[in-house]
Amino acid sequence: MHWIHLTDQGQLQKIIVRSQEKPQVIFKYNNHCYLSETILNKLQKNCCPDHIDFHFLDLVSHEDISTKVAETFHVTHQSPQILVIKDGECIFQDSHSDISLEQIMEHAATTVAA
């Protein structure tokens, strides 16, 4: 899995713009949370599909960006959390043990086919 590290609030605008071309995924990770590590390990075991960009947000190091993500995409902050962004909008979000690559792919595929 190839991750684009989300380390600057300015990257959010780039994610919004890029989501016009292909789905963008944001994975919100907390290194103090065992479940975050478990989900990360599950995602890491898979290949990164070419038609989706995957962004990694370390919540401990970048709490300000996490807050901005919640505001920008109108979601409640959770950890771990996954957001699928398409056409500038969060079209899917899930958290905790419900996160799966299969669901990410399913939601991204429905937007690509449209």
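Here the structure is shown first, and the text comes after it.
Residues numbered from 1 in each chain as written. Predicted model: local features only at pLDDT ≥ 70, side-chain atom pairs only at ≥ 80, totals over all residues. Heavy atoms only, no water.

A. Quick peek at the overall build of the protein chain. The helix and strand inventory of the protein chain stands at four helices and five strands. In the protein chain, the order of α-helices and β-strands from amino to carboxyl end is β-α-β-α-β-α-β-β-α. In terms of C-alpha radius of gyration, the protein chain reaches 13 Å, essentially the compact-globule figure of 13 Å for 114 residues. By principal-axis analysis of the C-alpha atoms, the protein chain measures approximately 40 × 30 × 25 Å. Here the protein chain holds 114 residues, and the buried ones make up 46% of them. With the model as given, the accessible surface of the protein chain reaches about 6000 Å², and the carbon-plus-sulfur share is 49%. (Helix = DSSP H or I, 4+ residues; strand = E, 2+ residues; numbered from the N terminus. Rg over C-alpha atoms; globule rule 2.2 N^0.38 Å. Buried < 20%, exposed > 50% of the residue type's maximum accessible area, 1.4 Å probe, protein only. Areas by Shrake-Rupley, 256 points an atom, 1.4 Å probe, with all protein chains shown as cover.)

B. Main features of the sheet that holds strand S5 (residues 89-95). Pairing is mixed in the open sheet, where five strands are placed in the order S1-S3-S2-S4-S5. The strands lining the two open edges of the sheet, one partner per strand, are strand S1 (4-5) and S5. Where strand S4 (residues 81-86) and S5 come together, six bridges link them in antiparallel fashion. Looking across to S5, one finds that Ile85 is bridged to Cys90. In the packing of helix H1 (residues 10-18) onto the sheet, contacts are made with S1, strand S2 (24-29), strand S3 (53-58) and S4, and the angle to S2 comes to roughly 145°. Packed on one face of the sheet, helix H2 (residues 34-44) meets S2, S3 and S4 and runs near 145° to S2. (Pairing = 2+ DSSP bridges. Contact = heavy atoms within 4.5 Å. Axes fitted to C-alpha atoms, helices over the stretch in contact; angles between N-to-C directions.)

C. Up close: the side chain of Gln24. Summarising the element assignment, Gln24 is placed in strand S2. The buried category is assigned to Gln24, whose relative accessible area is 1%. Here Lys22 takes part through its backbone oxygen, which lies 3.1 Å from a polar atom of the side chain of Gln24. The contact partners of Gln24, leaving out residues within four places of it in the chain, are Ile15, Arg18, Ser19, Asp53, His55, Leu83, Val84 and Ile85. (Polar contact = N/O pair within 3.5 Å; in protein donor to acceptor, adjacent residues only side chain to side chain.)

D. Quick look at unusual backbone geometry. The step from Ser79 to Pro80 runs through a cis peptide bond, and the omega angle for that step is -10°. Of note, Pro80 is situated in the loop between helix H3 (63-73) and S4. Despite not being glycine, His74 shows a phi value in the positive range, around 55°. Here His74 lies in the loop between H3 and S4. What makes His74 exposed here is its relative accessible area of 69%. Even without a glycine there, the phi angle at His96 is positive, about 55°. Turning to its location among the elements, His96 is positioned in the loop between S5 and helix H4 (101-113). Assessed through its relative accessible area of 32%, His96 is described here as partly exposed.

E. Spotlight on the pairing of S4. In terms of burial, S4 is largely enclosed, as six of its six residues are buried. Burial along S4 is two-sided: Gln81, Leu83 and Ile85 and Ile82, Val84 and Lys86, pointing in opposite directions, are all buried. As judged from the five bridges shared by S2 and S4, these two strands associate in the antiparallel manner. Opposite Phe27, over in S4, you have Ile82 as the bridge partner. Hairpin connection from S4 to S5: two residues lie between these consecutive antiparallel strands, with Asp87 at a positive phi of about 55°.

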